[in-house]
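Analysis of the macromolecular model
What follows is each chain in one-letter form.
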Amino acid sequence: MMSGRSAKSSQTKISAITVALIFAAIYMVSYLTRINFGAVVSEMEQSTGIPKNLLSLSLTGSFITYGIGQVFSGFTADRISPKKLITIGLGTTAVMNLLLPVCKGPYTMLCVWCINGFAQSMMWPPIVKMMSQLFTDEEYKKAAVIVSGGSSVGTIVVYLLAPAVISLLNWRWLFVVCGGIAFCIYGVFFWKEPEKKE
């Protein structure tokens, strides 16, 4: 029979892994909803007739606003609730992904994707902040491996999902699917704040 101390330790470990998986899902979604544009830019050019160099402005703009946002998020993570920042960032990136398919011109896409880039930056610094608050040093090391794996999973999923969605529907639906996934993770995070059991 498991002793009370062993049972408590097991429960803590399971809870810590669950929290890490929630963060990994958020990090995965941040990749799904950011690199999806680049994955279908050629199809967007063929479908819309917009030159690739104009479409690529959105990628450049997103990269710039993401960098600016990283500084902002790193600064505000110590002053605003990390959960609030993640919630705002995740919700905004979901909305921007759903708006992108209805954009008619390259400059509208640029505005939407620049907002998306800024929203994306509001996830990683607060995740790190929450992990440092929730985990012991040993748990943090293990959680960091799990969470960082979300980027690899997100990248793989996008490049598997993109051709499948394009062959069945069209490039616009990739943004809809990614935005929908983001909203699902948003709901999980919003209603169940990660909290490691002691």
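Our structure is the block above this text.
Below is a summary of the structure that appears in this document. Just so you know, these numbers come straight off a predicted model, no measurement behind them.

Description of the side chain of Ser 151
- Tracing the backbone through its elements, the reader meets Ser 151 in helix H6 (residues 137-168).
- Classification of Ser 151 by relative accessible area gives buried; the value is 15%.
- Not counting residues within four places of it along the chain, the set of residues in contact with Ser 151 comprises Tyr 27 and Tyr 31.

Notes on the nonpolar core
- Of all hydrophobic cores here, the largest spans 47 residues; its most connected members are Phe 23, Ile 26, Met 44, Leu 100, Met 109 and Phe 175.
- Contributing elements (two or more residues each) for this core: helix H1 (4-48), helix H3 (82-99), helix H4 (106-120), helix H5 (124-134), H6 and helix H7 (171-191).
- Top contributing element to this core by residue count: H1, with 18 residues.

Brief notes about H6
- With 32 residues, H6 should cover 46 Å at 1.5 Å per step; its first-to-last C-alpha distance of 46 Å lies within 8% of that length.
- Those residues of H6 not exposed but buried are Glu 139, Ala 143, Val 147, Gly 150, Ser 151, Gly 154, Val 158, Ala 162 and Val 165.

Comments concerning the packing of H6 against H7
- Where H6 contacts H7, the axes come no closer than 8 Å and their chain directions differ by 125°. On the basis of their axis angle, the class for H6 and H7 is oblique. For H6 against H7, the interelement crossing comes out right-handed. Contact with H6, carried on its side by Leu 161, Ala 162, Val 165 and Ile 166, involves Trp 171, Trp 173, Leu 174 and Val 177 of H7 and no other residues of that element.

Let's talk about the environment of Leu 160
- Note that Leu 160 resides in helix H6.
- With 121 residues separating them in the primary sequence, Leu 160 and Ala 39 have C-alpha atoms 10.0 Å apart.

Brief notes about the side chain of Asn 116
- Note on placement: Asn 116 falls in helix H4.
- When its relative accessible area of 0% is taken as the criterion, Asn 116 is described as buried.
- Within the local environment of Asn 116, its side chain forms a polar contact with the side chain of Thr 93, the two groups lying 2.3 Å apart.
- With near-sequence residues (within four places) excluded, Asn 116 lies in contact with Thr 33, Arg 34, Thr 93, Met 96 and Asn 97.

Remarks on the environment of Val 19
- Within the secondary structure, Val 19 is located in helix H1.
- Judged by its relative accessible area of 3%, Val 19 is buried.
- Between the C-alpha atoms of Val 19 and Ala 143, which are 124 residues apart in sequence, the distance is 8.5 Å.

A closer look at the packing of aromatic side chains
- For the coordinates displayed, the defined rule picks out eight aromatic pairs.
- Judged by centre distance (5.4 Å) and plane angle (45°), the ring pair of Phe 37 and Trp 113 falls under tilted. With Phe 37 in helix H1 and Trp 113 in helix H4, this residue pair connects regions lying 76 residues apart in the sequence. Across this residue pair, the class does not change: Phe 37 and Trp 113 are buried.
- Seen in terms of ring centroids, Trp 113 and Phe 175 are 5.6 Å apart; in terms of plane orientation they differ by 90°. Their pairing is edge-to-face.

A few points about a nonpolar patch on the surface
- A cluster of nonpolar residues, Val 95, Leu 98, Leu 99, Val 102 and Phe 183, forms a patch on the protein surface that exposes about 380 Å² of accessible area.
- Here the element with the most residues in the nonpolar patch is H3; it accounts for three residues.
- Mapped onto the fold, Phe 183 is located in helix H7.
- Owing to a relative accessible area of 35%, Phe 183 belongs among the partly exposed residues under this scheme.

The rules behind these values
- Residues numbered from 1 in each chain as written.
- Predicted model: local features only at pLDDT ≥ 70, side-chain atom pairs only at ≥ 80, totals over all residues.
- Heavy atoms only, no water.
- Helix = DSSP H or I, 4+ residues; strand = E, 2+ residues; numbered from the N terminus.
- Buried < 20%, exposed > 50% of the residue type's maximum accessible area, 1.4 Å probe, protein only.
- Contact = heavy atoms within 4.5 Å.
- Core = buried A, V, L, I, M, F, W, Y, C linked by side-chain atoms within 4.5 Å.
- Expected span 1.5 Å × (residues − 1).
- Axes fitted to C-alpha atoms, helices over the stretch in contact; angles between N-to-C directions.
- Parallel < 35°, antiparallel > 145°, perpendicular 65-115°, else oblique.
- Left-handed = near helix turned anticlockwise from the far one by under 90°.
- Polar contact = N/O pair within 3.5 Å; in protein donor to acceptor, adjacent residues only side chain to side chain.
- Phe/Tyr/Trp six-rings, centres within 6.5 Å; stacked < 30°, edge-to-face > 60°.
- Patch = residues over 30% accessible without salt bridge, like charges linked within 9 Å, V, L, I, M, F, W, Y side chains within 5 Å.
- Areas by Shrake-Rupley, 256 points an atom, 1.4 Å probe, with all protein chains shown as cover.
- Salt bridge = Lys/Arg side-chain N within 4 Å of Asp/Glu carboxyl O.

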